[in-house]
Amino acid sequence: MTPIVQIRELTRVYQQGEIDVTALDNISLDIPDGDFVALMGPSGSGKSTLLHIMAGIDRPTRGSCVVRGVDVAKLSETELAEWRNHHIGFVFQTFNLIPVLTAFENVEMPLLLTGLTASERRAHVEAALELVGLKDRMHHQPRQLSGGQEQRVAIARALVTDPTLIVADEPTGNLDAKSATEVLNLLVALNRDAGKTIIMVTHDPKAAAHARRVLHLEKGELLKDEETPR
Amino acid sequence: MTIAGFILRNALRNKRRLTLTILSVSLSLFLFTTLQTALRELTQPPSTSDSALRLITRHRVSLANVLPEKYQYRIQQVPGVEVVSKFTWFGGIYQDEKNFFPQFAVEPEKIFRIFTEAKVDPLELDAFIKERTACIVGIKTMERFGWKIGDRITLRGTIWDCNPELVIRGVYREGIDETNLFFHHDYFNELMNDLGVTGTFWLRVRDEAAVQPVIDAIDASFRNSDAETKTETERAFQLGFVSMFGNIKMLIGSISTVIVFTMVLVTASTMSMAIRERMRELAVLKAIGFNGRQVFSLILAESFGLAMAGGLLGCVGAWALFSNIDVYKATQGFFIKFDVTPHILASGLLLAGLLGAISCIAPAWASIRMSVVTGLKETD
């Protein structure tokens, strides 16, 4: 498969007061189109930082991160925002739905930045909610949904622009076991049936087992890159 | 959903805070509008083409000093002067001190040749002129005390040691202050044992071109006399009269500044709280593709809308209130009119809009500068 993400000699150093903290140290990797990758590691291993750089919400100190031919570190803030709208779908641990909007409106938000008409947006949003099994709840506000349902709405929001990458940061971290399984099964289905490339950060080996490939990080270094048994 | 709809939802998310903020802004704008209207009424009395032709000659030292009656003949001889009337502030009390209204001793056959814009029934004017103890009263004062033509009233002198007993022979309307009472200067003189003085002279000149030459000629005529004069236009005279209250412009300006500053603090505080508790949501908006300019626009629109809602409520509320109450009665005759002009309304709304924009700059700037990663770490 063609690499959709190419990372070369990537280093990210944070400044904490007068101390430099290396979050990522000289990492290189490729992620092919249609892959489902889990990033694992203990706290402070750099997995979230790596995800953030691939998603264009953080910048490397050195090295490059090329997503579908674009070196995201070289884009301006405005270009990066537009690039994220087209190429990245976010799924967060705490769902991060906007509480004053309905499920439909939350999913519609990224589409407000596109040139789609209201009827085109409606069709896209309904399709995304149908895909996550929540079309019947589209007029509910987040507080009227369970945690699992909120996360599925967040997945629909991530999907609705048909992005190049779906990035998920601990997507099951705030869910009970049943809801977590539902969300993971949904991500697997999106990868398997819709060919979506998914990169997921997780602490949980059971969640990571749903991915095709697991990258282990520790102290900012890539320790292990392994295929999961199917 | 539209972006405008999203902004509205955000604004409405904390209804109690929204209501209190809008009320604070509206109250401030109401006070601002009221003060500006009061300032206008005090410093810019209505000016008509007739009033532009009226001049007042008074003692150069102060209004409290009187002029000799005999000056009238020399003033009348100045080229360009059409008519001159003695005009003395009586300042008496009708029954009770709280019943204040202006009273003047004037020359009855001349006064409405000077105040040409006032409307008087010719028969009533004739009756006023012919009877030595007659008076003519503005419609507002007539209505205020429920007077009718033929009623007898007594004024108790406070400045002058006399108590004129007057009979109402006429009513005038429109054009000039409708609260005045005019009575005969001759009767006043008689009561004062021919004192031979007048408070001021009011005169009407032929045309606007004659205004300045007449002013110069009159004042030059009495220079180096015992009672030097100061002649000025009606408008200048009224502004000078207002300045006797002190520096009203500065006082009202200072209060308005405090009001504006309070509004900035209230709105800025609300917007800071609203944005602070939404940092994570703003970070999510950025993550899904909103750029800094778009996020700034969302915050600006919300703040602007909030301030404008308060502004509309306060300014239009002031306009509606003062259009529907009798300000003359409410202020016991202090203000005759209280017109919230389109200019004052526009100033209030412009101020509200500016404050809405200014008060959100700091929190909006902070949200723009905030990185998405930092914003996502914010706790609810």
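Details of the structure are given in the entry above.
Residues numbered from 1 in each chain as written. Chains lettered and ligands numbered in written order. Predicted model: local features only at pLDDT ≥ 70, side-chain atom pairs only at ≥ 80, totals over all residues.

**Structural notes on the overall build of chain B**
The helix and strand inventory of chain B stands at 15 helices and 12 strands. Against the 2.2 N^0.38 benchmark of 21 Å for 380 residues, chain B shows a C-alpha radius of gyration of 29 Å, more extended than a compact globule. Viewed in the frame of its principal axes, chain B has a C-alpha envelope of about 90 × 45 × 30 Å. By residue count, 36% of the 380 residues in chain B fall in the buried class. Within chain B, residue pairs in contact and separated by at least 24 positions form 81% of the contacts whose partners lie at least 6 positions apart. (Helix = DSSP H or I, 4+ residues; strand = E, 2+ residues; numbered from the N terminus. Rg over C-alpha atoms; globule rule 2.2 N^0.38 Å. Buried ≥ 20, exposed ≤ 12 C-beta atoms within 10 Å, placed from the backbone. Contact = placed C-beta atoms within 7 Å.)

**Here's the deal with the pairing of strand β3 (residues 81-89) of chain B**
All names here are of chain B. The sheet contact formed by β3 and strand β11 (residues 200-205) spans six bridges and is antiparallel. The residue of β11 that forms the bridge with V84 is L203. Here β3 runs beside strand β4 (residues 103-106); their pairing, made up of three bridges, is antiparallel. The residue of β4 that forms the bridge with F87 is V106. (Pairing = 2+ DSSP bridges.)

**Thoughts on the packing of helix α2 (residues 15-43) of chain B against helix α14 (residues 342-369) of chain B**
Residues and elements named next belong to chain B. At a minimum axis separation of 10 Å, α2 and α14 run at an interaxial angle of 145°. Pair α2 / α14 crosses with right-handed handedness. Judged by residue contacts, V25, L29, F32, T33, Q36, T37 and R40 of α2 engage I344, S347, G348, L351 and A352 from α14. Classifying every residue of the contact of α2 with α14 gives six nonpolar, five polar and one charged. (Axes fitted to C-alpha atoms, helices over the stretch in contact; angles between N-to-C directions. Left-handed = near helix turned anticlockwise from the far one by under 90°. Nonpolar A, V, L, I, M, F, W, Y, C, P; charged D, E, K, R; others polar.)

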